[in-house]
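# Observations on the model geometry
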Amino acid sequence: MMEFREIQPAEAPLLSALSDAVGWNNAPAECRLLTETPSMRAIFAVVDGEIAGSAGMVTYEPELLVFINLVIVKSEFRHRGIATRMIEHILDRYRGFRTFKLHATPEGGKVYEKLGFATRRTISFFTADRPDFGMAPDPAVAIRPLRREELPECVARDRNCFGAERRALLEFNYREHPELALAAEGGRGFILGRRWKKYRHLSCLEADGLATATALTARAAALDASQTLSIITYDSQCEFQQVLRQAGFAKVRDMIDMELGEPGFPPPAGYFAIYGGDMG
């Protein structure tokens, strides 16, 4: 017998442990965010009383977008259609929304294709241990720590990149990791950071051009060398991906941006790196 139940805040470590088990990088605080924020939800699939898998969802604006994330099935429960059942549950729950969106591996995408999801664009996941950008900083691009009072401006900029307001997510990120948040002087761009066991993730890079994006990434990469770095970019950012490769980043995973329903907001040129494959 299978049932679905909402994950409670106290169970966030269980959700994070599921993420760890499949090699993802979701800290307990991020998992708790999914259970505490009004626009977010997470569920466990329970089979015969045992947690078999999970799925999360973030809703944006009245019936605009549902971003599906953290779709995980324990190894011993795979090939039973559990992931499909969880997605069907979400689609039914939010049937009035215009667009459903998720990021998947090409292999995982086969499951979602059967439910009607279509690939809109491709994404690449890069990592590096000690990247070397090998260049003098561009004197025209001044990089400094992001200030708390600048968050509203970042939220507005991010809305133009993502297509919906992510205030709760960006404010959460800044509370958790203010030391990883940088800005380009003059409102030219910003970058955030995340960290858990596996990676320090260079997150949500938005800039007015390649030079600014490169300067922000180089400074963010140099903040510390205690963890492997990761960054995820749309393949349309081919020039920026070349900069990453020259600095020592290697592509380790292909990903696909999938949607069901009306086509969502296409990422503009200024969106150089996504927040994360798990959160959009």
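The following refers to the structure shown.

Criteria and cut-off values
Residues numbered from 1 in each chain as written. Predicted model: local features only at pLDDT ≥ 70, side-chain atom pairs only at ≥ 80, totals over all residues. Heavy atoms only, no water. Helix = DSSP H or I, 4+ residues; strand = E, 2+ residues; numbered from the N terminus. Rg over C-alpha atoms; globule rule 2.2 N^0.38 Å. Buried < 20%, exposed > 50% of the residue type's maximum accessible area, 1.4 Å probe, protein only. Contact = heavy atoms within 4.5 Å. Areas by Shrake-Rupley, 256 points an atom, 1.4 Å probe, with all protein chains shown as cover. 1 Å grid on protein atoms, 1.4 Å probe; cavity = no way out; pocket = protein on both sides within 12 Å on 5 of 7 lines; lining within 4 Å. Points joined across faces, edges and corners; volume = space filled by probe spheres on them. Pairing = 2+ DSSP bridges. Nonpolar A, V, L, I, M, F, W, Y, C, P; charged D, E, K, R; others polar. Axes fitted to C-alpha atoms, helices over the stretch in contact; angles between N-to-C directions. Parallel < 35°, antiparallel > 145°, perpendicular 65-115°, else oblique. Left-handed = near helix turned anticlockwise from the far one by under 90°. Phe/Tyr/Trp six-rings, centres within 6.5 Å; stacked < 30°, edge-to-face > 60°. Lys NZ or Arg CZ within 6 Å of the ring centre and 35° of its normal.

A tally of helices and strands in the protein yields eight helices and 13 strands. Expected size for 280 residues packed as a compact globule is a radius of gyration near 19 Å; at 18 Å, the protein falls within 12% of this value. Counting only C-alpha atoms, the protein reaches 60 × 35 × 35 Å along its principal axes. Classification of the 280 residues of the protein by burial places 55% in the buried group. Across the protein, every contact between residues at least 6 apart in sequence was considered, and the portion connecting residues at least 24 apart equals 72%. Element-wise, carbon and sulfur atoms account for 52% of the exposed surface of the protein, whose accessible area totals about 12,200 Å².

Moving on to the environment of glutamine 242. Inspection of the secondary structure assignment puts glutamine 242 in helix α8 (residues 238–247). Given the relative accessible area of 39%, glutamine 242 is considered partly exposed. Spatially, the C-alpha atom of glutamine 242 lies 31 Å from that of phenylalanine 172, the residues being 70 residues apart in sequence.

Taken as a whole, the largest pocket encloses approximately 1,100 Å³ of empty space. Taken together, 39 residues line the largest pocket, and the ones lying closest to its centre are Trp24, Val71, Ala104, Thr105 and Tyr112. Mapped onto the lining of the largest pocket, the elements with two or more residues apiece are β4 (65–73), α3 (82–93), β5 (99–104), α4 (106–113), β10 (199–207), β11 (228–234) and β12 (250–261). Of all the elements, β4 adds the most residues to the lining of the largest pocket, at six residues.

As paired strands, β5 and β12 are joined by six bridges and run antiparallel to one another. Pairing of phenylalanine 100 across the sheet is with leucine 260, part of β12. As defined by bridge partners, strand β6 (residues 118–128) adjoins β12 across nine bridges and the pair is classed as antiparallel. Bridging from a neighbouring strand, serine 124 pairs with aspartate 254 of β12.

The next subject is empty space enclosed by the protein. All chains considered together, the criterion is met by one cavity of 30 Å³ or more. Computed from the structure, the largest cavity encloses a volume of approximately 60 Å³. Lining the largest cavity are Lys101, His103, Cys161, Phe162, Tyr234, Asp257, Phe265, Pro267, Tyr271 and Gly280. For the lining of the largest cavity, the elements supplying multiple residues, two or more each, are β5 and α5 (151–162). Taken together, the residues of the lining of the largest cavity sort by class into six nonpolar, two polar and two charged.

What follows deals with the packing of helix α2 (residues 28–36) against helix α6 (residues 167–176). At a minimum axis distance of 11 Å, the contact between α2 and α6 shows a crossing angle of 150°. When the interaxial angle is binned, α2 and α6 end up roughly antiparallel. Classified by chirality, the crossing of α6 by α2 is right-handed. Contacts from Ala29, Glu30 and Leu33 of α2 reach α6 at Leu169, Phe172 and Glu176. Across the contact of α2 with α6, the residue classes tally to four nonpolar, no polar and two charged.

We now examine the pairing of strand β9 (residues 189–195). Most of β9 is tucked away, with six of its seven residues classed as buried. In this sheet, β9 lies alongside strand β8 (residues 182–184) in antiparallel orientation, the contact comprising three bridges. Bridge pairing in β9 links alanine 183 to phenylalanine 190. The antiparallel pairing of β8 with β9 creates a hairpin that spans four residues between the two strands, and glycine 186 there sits at a positive phi of about 85°. Of the pairings in the sheet, the one linking β9 to β10 comprises six bridges and is antiparallel in character. Along β10, the bridge assignment pairs phenylalanine 190 with glutamate 206. Linkage of β9 to β10, two consecutive antiparallel strands, is achieved through a turn of three residues.

A word on the packing of aromatic side chains. Per the stated rule, a full pass over the model turns up seven aromatic pairs. Between tyrosine 112 and phenylalanine 117, the ring centres sit 6.1 Å apart and the planes meet at 70°, which makes this aromatic pair edge-to-face. Taken individually, tyrosine 112 and phenylalanine 117 each receive the classification buried, so the pair is uniform in this respect. Arginine 253 extends its terminal NZ or CZ atom over the ring of phenylalanine 125, reaching a point 4.5 Å from the ring centre.

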